[in-house]
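Examining the three-dimensional arrangement
If you want the building blocks of each chain, they are given just below.
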Amino acid sequence: MIHTRTIKEAAAHFKSVDPQTALTEYAIRTLLRTGKVPCVRVGKKYLVTIEALEAYLEGTAVPAPARESEIRKEWRIQ
């Protein structure tokens, strides 16, 4: 089962599993914005799966797909 969370909920999950974790909301947000961890943006919120974050932390993460804005640039007619 996939566990989708907001950034705040994901940070709280990791904090509950390991109270001494250094994974903060800011760190998760940075990973999502840079595309290192795949996510979905709904309105102003980013949704991420706990499994994707755990895979990144284990070093087995799959690169996020290209962003829509990057895809659109490829299709522009000059």
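Residues numbered from 1 in each chain as written. Predicted model: local features only at pLDDT ≥ 70, side-chain atom pairs only at ≥ 80, totals over all residues. Heavy atoms only, no water.

1. Re the sheet that holds strand β2 (residues 40–42)
The strand order β1-β3-β2 describes an open sheet built from three strands, whose pairing is antiparallel. Edge positions in the sheet fall to β1 (4–6) and β2, since each of these pairs with one other strand and no more. Taking each pair of neighbouring strands and ignoring which way they run, the sheet shows an average axis angle of 35°. Lying on the sheet, helix α1 (residues 7–17) is in contact with β1 and β3 (45–49); it crosses β1 at an angle near 105°. With respect to the sheet, helix α3 (residues 50–58) is in contact with β1 and β3, its orientation differing from that of β3 by roughly 70°. (Pairing = 2+ DSSP bridges. Helix = DSSP H or I, 4+ residues; strand = E, 2+ residues; numbered from the N terminus. Axes fitted to C-alpha atoms, helices over the stretch in contact; angles between N-to-C directions. Contact = heavy atoms within 4.5 Å.)

2. Quick word on the confidence of the model for the chain
Mean pLDDT over the chain stands at 82; residues scoring 70 or higher make up 77%. The lowest-confidence element of the chain is helix α4 (residues 68–74), averaging 48 in pLDDT; the highest-confidence one is α1, averaging 95. Ignoring residues within four places in sequence, the model shows residues 71–76, a span with pLDDT below 50, making one contact including any to other chains. (pLDDT = per-residue confidence, 0-100.)

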